[in-house]
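Topology and contacts: notes
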Amino acid sequence: MPDTKPAILDHLNQRLNLVKPSAIRAFDNEVSPIPGILKLTLGEPDFDVPEHAKQAAVAAIEANDSHYSASNGKIELRRAIAGFLADRYGLHYQPESEIVVTTGATEAIYDSLTALLNPGDKVLIPTPAFPLYTPVTVMAGGEPIYLNTEENGFVLRPEQLQAAIDQYGDEIKAIVLNYPSNPTGVVYSEDEIKALADILKQTDIVVISDEIYAELSYGDAHTSIAKFLPDQTLVLNGVSKSHAMTGYRIGFVAGPAELIKRVGMVHQFATTTASNPAMVAATEALSTVQGKQDSLDMREAYRERRDYLYKELSDLGFEIPKPDGAFYIFAKIPADLDQDDLAFSRDLAKQNKLAFVPGSFFGPGGESYVRLSYAASMDNLKEAVKRLTAYVEDQRAK
Ligand SMILES: Cc1ncc(COP(=O)(O)O)c(C=O)c1O
């Protein structure tokens, strides 16, 4: 095994030195060896890929659909995406020029931030937030500015946004919004989104709107901010969460043509194009009657699990912001237990073999919370409640 030539190590990409490895992964690695551990840590649907979407991928392989596709993605898929966005969210994009298919929403985030940022540009990130936005911003030369939303039930207040704009002005290049939210499960109402859009309209800030959980909205219909700000929004979505297709790695970005052209350049230089069989499966998932029903069926299953966990955890004394979307509950540790979310999570994993993610991993506002993913079977959730109840009762008896 070769060692790296020592001098090379002195002048590697400095930006990578500013980025920390994923705390969630590190915690997951730490608790995984505990015998019998039950983990509600990962944002990974427990459903299989819908059979008809899977068969579409199989048929594509059988038909030797094995050559490079158009860099921005198969046109059939871009048409399916345009139809899906129009049908579900009232958004209108041209398949030919306003949509890029990416390798998961992860690449959509990377391409969007890389296409936009110059060194030193600031990116507003309401927190707690999906951790990926920070390293991608930093690797693209930008600087994350965190806006802690805990005080307002994890919804960014218009005054808070305005204050950041007053403070940083033109240094702000973009804001990342994510709703339904990972990690909080909180959604923004149409009024809340409109109030933010009214402020952003007065600026040249680009909105990177990560709507990967939009199909999993349990209350009012999801309202994309692109409805109010079509000329300065990049909408990110994909089939990972809506159709339990995380391993197929299909996401997309939709937005105005000039921005999409540049997002498409980054995408082309990074990956050329997404994988053909996965694109064919995603086309099936997004365009057929059955595919459009799949996400609704899964949503109902998640809703049942959410209702169960919400009640059980509330009864145990956890305070929970309204989890009206995605498949997470962000629970505040009761005041009579250890309020340090990392210590609490470690102890729970060690003592009662149950793993949640410490809330502080998601940035300012997450301290003293834990995130549970209910993308798990009802049996596992019942077992989790049993273990959590035993742990809490033990702690209270001390
Ligand atoms: C908010 C958010 N955005 C993006 C992603 C990445 O999605 P994908 O698996 O399509 O890359 C995730 C995955 O957990 C997520 O929670």
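Reference entry: report on the structure contained in this document. (Residues numbered from 1 in each chain as written. Predicted model: local features only at pLDDT ≥ 70, side-chain atom pairs only at ≥ 80, totals over all residues. Heavy atoms only, no water.)

The next point concerns the overall build of the protein. In terms of regular secondary structure, the protein is built from 14 helices and twelve strands. Taken against the 2.2 N^0.38 rule, which gives 21 Å for 398 residues, the C-alpha radius of gyration of the protein at 21 Å falls within 12% of a compact globule. Projecting the C-alpha coordinates of the protein onto the three principal axes gives extents of approximately 65 × 60 × 50 Å. For the protein, the residues scored as buried account for 54% of the 398 residues in total. Sequence separation of at least 24 residues holds for 74% of the intrachain contacts in the protein that already meet a minimum separation of 6. Counting only carbon and sulfur atoms, one obtains 51% of the accessible surface of the protein, whose full area is about 17,400 Å². One way to put it: in the protein the 37 positive side-chain charges average out to a point 2 Å from where the 55 negative ones average out. (Helix = DSSP H or I, 4+ residues; strand = E, 2+ residues; numbered from the N terminus. Rg over C-alpha atoms; globule rule 2.2 N^0.38 Å. Buried < 20%, exposed > 50% of the residue type's maximum accessible area, 1.4 Å probe, protein only. Contact = heavy atoms within 4.5 Å. Areas by Shrake-Rupley, 256 points an atom, 1.4 Å probe, with all protein chains shown as cover. Lys, Arg positive; Asp, Glu negative; His and termini not counted. Charge placed at Lys NZ, Arg CZ, Asp CG, Glu CD.)

The ligand sits among 14 residues. The nearest are Thr 106, Asp 210, Tyr 213, Ser 240 and Lys 241. Between a nitrogen atom of the ligand and a side-chain N or O atom of Asp 210, the distance comes to 2.6 Å. Surface burial for the ligand is 92%, taken as the share of its 390 Å² of free accessible area covered by protein chains. Applying the majority rule of atoms within 2 Å of the grid points places the ligand in the largest pocket. Here the shell around the ligand takes four residues from helix H6 (residues 104-116), the largest share from any one element. (Near = heavy atom within 4 Å. Polar contact = N/O pair within 3.5 Å; in protein donor to acceptor, adjacent residues only side chain to side chain. 1 Å grid on protein atoms, 1.4 Å probe; cavity = no way out; pocket = protein on both sides within 12 Å on 5 of 7 lines; lining within 4 Å. Sits in = over half its atoms within 2 Å of the grid points.)

For the rest of this paragraph, the subject is the sheet that holds strand S4 (residues 143-148). Reading across from one edge, S2-S8-S7-S6-S5-S3-S4 is the order of the seven strands in this open sheet, with mixed pairing throughout. One side of each edge strand has no neighbouring strand; the edge strands of this open sheet are strand S2 (99-103) and S4. Going across the sheet, the axis of each strand differs from the next one's by a mean of 25°, ignoring polarity. Both strand S3 (residues 122-127) and strand S5 (residues 172-178) contribute to a ladder of three bridges, which runs parallel. (Pairing = 2+ DSSP bridges. Axes fitted to C-alpha atoms, helices over the stretch in contact; angles between N-to-C directions.)

The next subject is empty space enclosed by the protein. Tallied over the entire structure, the rule returns one cavity of 30 Å³ or more. Approximately 130 Å³ is the volume found for the largest cavity. Contributing to the lining of the largest cavity are 15 residues, with Pro 126, Pro 128, Asn 178, Ser 181 and Tyr 188 lying nearest its centre. Within the lining of the largest cavity, the residues separate by chemical class into nine nonpolar, six polar and no charged. (Points joined across faces, edges and corners; volume = space filled by probe spheres on them. Nonpolar A, V, L, I, M, F, W, Y, C, P; charged D, E, K, R; others polar.)

So, on to unusual backbone geometry. Cis geometry marks the peptide bond from Tyr 179 to Pro 180, where omega comes out at -15°. Mapped onto the secondary structure, Pro 180 falls in the loop between S5 and helix H9 (190-200). In this model, Asn 182 is joined to Pro 183 through a cis peptide bond whose omega is 25°. When you line up the elements, Pro 183 lands in the loop between S5 and H9. Backbone geometry places Asn 64, a non-glycine residue, at a positive phi of 55°.

Under the 1.5 Å per step criterion, the end-to-end length of helix H13 (residues 341-352) is 16 Å for twelve residues, consistent within 8% with the ideal 16 Å. One or two positions beyond H13, positive phi appears at Lys 353, with a value near 55°. (Expected span 1.5 Å × (residues − 1).)

One can describe the packing of helix H11 (residues 276-287) onto helix H12 (residues 289-315) by two numbers: an axis separation of 4 Å at closest approach and a directional angle of 80°. It follows from the interaxial angle that H11 and H12 lie roughly perpendicular. Counted together, Glu 284, Ala 285, Leu 286 and Ser 287 of H11 and Val 289, Gly 291 and Lys 292 of H12 form the full contact between these two elements. Across the contact of H11 with H12, the residue classes tally to three nonpolar, two polar and two charged. (Parallel < 35°, antiparallel > 145°, perpendicular 65-115°, else oblique.)

Taken as a whole and judged by the stated rule, the model has 15 aromatic pairs. Ring plane angle 90° and centroid distance 5.8 Å describe the contact between Phe 84 and Tyr 89, whose orientation is recorded as edge-to-face. Phe 84 gets classed as buried once you look at its relative accessible area, which sits at 2%. By way of ring pairs, the aromatic residues Phe 47, Tyr 213, Tyr 302, Phe 327 and Tyr 328 are connected into one cluster. Lying across the ring of Phe 228, Lys 194 places its NZ or CZ 6.0 Å from the centre. (Phe/Tyr/Trp six-rings, centres within 6.5 Å; stacked < 30°, edge-to-face > 60°. Lys NZ or Arg CZ within 6 Å of the ring centre and 35° of its normal.)

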